[in-house]
Amino acid sequence: MPYFIVILGTAGSGKTTLTATLSDYLSYLNLDAAIVNLDPAAENLKYKPDVDVRDYVNAREVMEKYGLGPNGSLIVSADLIAARLSEISEEVSSLKANYIVIDTPGQLELFAFREAGPLIIRSLISGQKAVSLFLIDSILAEDPSSLLSSLLLASSINLRIGLSQINLLNKVDLIDDSEVKRIIEYMENIDGFIESLCSRREVAILWDRVDLEALIPRLTVYELIPVSATNWIGIDELYAAIQRVIAGGEDYLTEEPSPIL
Ligand SMILES: Nc1nc2c(ncn2[C@@H]2O[C@H](COP(=O)(O)OP(=O)(O)OP(=O)(O)O)[C@@H](O)[C@H]2O)c(=O)[nH]1
Ligand SMILES: [Mg+2]
């Protein structure tokens with residue numbers, strides 16, 4: 001039975017690059033890794049997909065055929081993919097691999113927050129063991145209130161997708177090591193994080209310290225692993241975290257979100 005790794009994140013956060021890196025890393029460990037591309041608008045993939053949703057639905061063709069803009073085309077494409085789900089699921093279930101890495105579309109909100117995205121993921125995984133990785137761009141995590149909004153989004157995506165989720169701080173090669181350390185410390189020492197947030201006007205308008213003391217522990221139950229998909233930083237640690245989730249013996253596809261505790 002294969003293990004599924006679903007790669008999620010905002011546009012440009014590095015999903016496609018990490019998909020390629022993770023698949024190379026697994027091959028380097030002598031494990032068979034298959035890749036599923038779920039992005040109907042993908043142009044230059046950095047890997048050769050074993051199953052490619054563009055063989056079924058191509059967002060550019062949908063745009064021309066129905067006279068739609070890029071976002072409208074993605075919404076219709078997701079619905080068209082959902083309509084051909086049994087064929088795609090069959091192709092995925094015929095893959096012989098230890099791991100199946102799933103790259104998802106760039107426009108996260110059009111995929112995860114609509115009905116089709118979670119339905120497609122559930123159908124492909126079909127009750128087998130799976131973990132989702134949510135990518136946070138390091139540049140968006142340097143400022144505490146921006147880190148908070150990324151963590152809120154991560155939690156919201158976890159709620160939609162419903163798999164055990166690991167959060168990744170990607171592109172750490174672009175920021176100073178001291179910044180990476182500070183962000184990771186915020187996750188472990190939440191008092192320091194809350195302190196920094198309280199001094200932010202945009203946060204204080206919405207939440208006071210008591211609110212933050214209730215909210216932040218819920219957002220920091222997720223592991224946050226610093227990685228660089230281009231420079232292979234943190235990929236060993238990521239693989240170990242994936243092992244902890246997948247070998248944990250839980251049923252990871254549940255109706256309830258199940259973040260790693
Ligand atoms: N420096 C650096 N650049 C990265 C890293 N990961 C991805 N990138 C770059 O970020 C850009 C976007 O990467 P992609 O892998 O295409 O991101 P994506 O999330 O698949 O993008 P969409 O599918 O368009 O949403 C590319 O120029 C990558 O080379 C990283 O770890 N470090
Ligand atoms: Mg991509």
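The rules behind each value
Residues numbered from 1 in each chain as written. Chains lettered and ligands numbered in written order. Predicted model: local features only at pLDDT ≥ 70, side-chain atom pairs only at ≥ 80, totals over all residues. Heavy atoms only, no water. Salt bridge = Lys/Arg side-chain N within 4 Å of Asp/Glu carboxyl O. Helix = DSSP H or I, 4+ residues; strand = E, 2+ residues; numbered from the N terminus. Buried < 20%, exposed > 50% of the residue type's maximum accessible area, 1.4 Å probe, protein only. Near = heavy atom within 4 Å. Polar contact = N/O pair within 3.5 Å; in protein donor to acceptor, adjacent residues only side chain to side chain. Areas by Shrake-Rupley, 256 points an atom, 1.4 Å probe, with all protein chains shown as cover. Nonpolar A, V, L, I, M, F, W, Y, C, P; charged D, E, K, R; others polar. Phe/Tyr/Trp six-rings, centres within 6.5 Å; stacked < 30°, edge-to-face > 60°. 1 Å grid on protein atoms, 1.4 Å probe; cavity = no way out; pocket = protein on both sides within 12 Å on 5 of 7 lines; lining within 4 Å. Points joined across faces, edges and corners; volume = space filled by probe spheres on them. Contact = heavy atoms within 4.5 Å.

A. The pattern of salt bridges, seen in detail. A complete count under the given rule lists nine salt bridges for this structure. With a shortest N-O distance of 3.3 Å, Glu-195 and Arg-209 are connected by a salt bridge. Separated by 14 residues along the polypeptide, Glu-195 in helix H9 (residues 190–198) and Arg-209 in helix H11 (residues 209–219) bring together distant segments of the chain. In this structure, the salt-bridge partner of Arg-244 is Glu-223, at a minimum N-O distance of 2.8 Å. Of the two residues, Arg-244 sits in helix H12 (residues 235–246) while Glu-223 sits in the loop between H11 and strand E7 (224–226), which places them 21 residues apart along the sequence. Since its relative accessible area comes to 24%, Glu-223 is described here as partly exposed.

B. Region of the structure containing the site of ligand 1. Inspection of the region around ligand 1 gives 18 residues, with Lys-15, Thr-16, Thr-17, Asp-173 and Ala-229 positioned closest. Take Asn-170: an N or O atom from its side chain is 3.2 Å from an oxygen atom of ligand 1. In isolation ligand 1 exposes 640 Å². Once the protein is present, 71% of that is buried. Sort the elements by how many residues they give to the shell around ligand 1 and helix H1 (residues 15–28) lands first, with three residues. Among the residues forming the shell around ligand 1, the class breakdown is three nonpolar, ten polar and five charged.

C. Inspection of the packing of aromatic side chains at higher detail. Applying the stated rule across the entire model yields six aromatic pairs. Centre to centre, the rings of Tyr-25 and Tyr-239 are 5.6 Å apart; their planes meet at 55 degrees, and the pair counts as tilted. Within this pair, whereas Tyr-25 is found in helix H1, its partner Tyr-239 is found in helix H12, the two being separated by 214 residues in sequence. Tyr-239 gets classed as buried once you look at its relative accessible area, which sits at 18%.

D. Broad picture of empty space enclosed by the protein. Scanning the entire structure with this criterion turns up one cavity of 30 Å³ or more. Each pocket or cavity is described by its volume, and for the largest cavity that value is around 80 Å³. Lining the largest cavity are Leu-38, Pro-40, Leu-74, Ala-78, Ile-81, Pro-105, Gln-107, Leu-110, Phe-111 and Ile-120. Elements with a minimum of two residues in the lining of the largest cavity: helix H3 (70–83) and helix H5 (108–112). The leading source of residues in the lining of the largest cavity is H3, at three residues. Within the lining of the largest cavity, the residues separate by chemical class into nine nonpolar, one polar and no charged.

E. The arrangement of the side chain of Ser-77 in detail. Along the chain, the position of Ser-77 falls in helix H3. Those residues in contact with Ser-77 that lie beyond four places of it in its chain are Pro-40, Val-57, Ala-59 and Val-62.

F. Representation of the environment of Asp-191 within the structure. Locating Asp-191 in the fold gives a position in helix H9. Separated by 99 residues in sequence, Asp-191 and Val-92 place their C-alpha atoms 45 Å apart.

G. Local environment of the layout of surface pockets. Reported here for the largest pocket is a volume of approximately 270 Å³. For the largest pocket, the lining is made up of 18 residues, of which Gly-12, Lys-15, Thr-16, Asp-39 and Gly-106 are closest to its centre. If you tally residues by element for the lining of the largest pocket, the top one is H1, at three residues. Within the lining of the largest pocket, the residues separate by chemical class into six nonpolar, nine polar and three charged.

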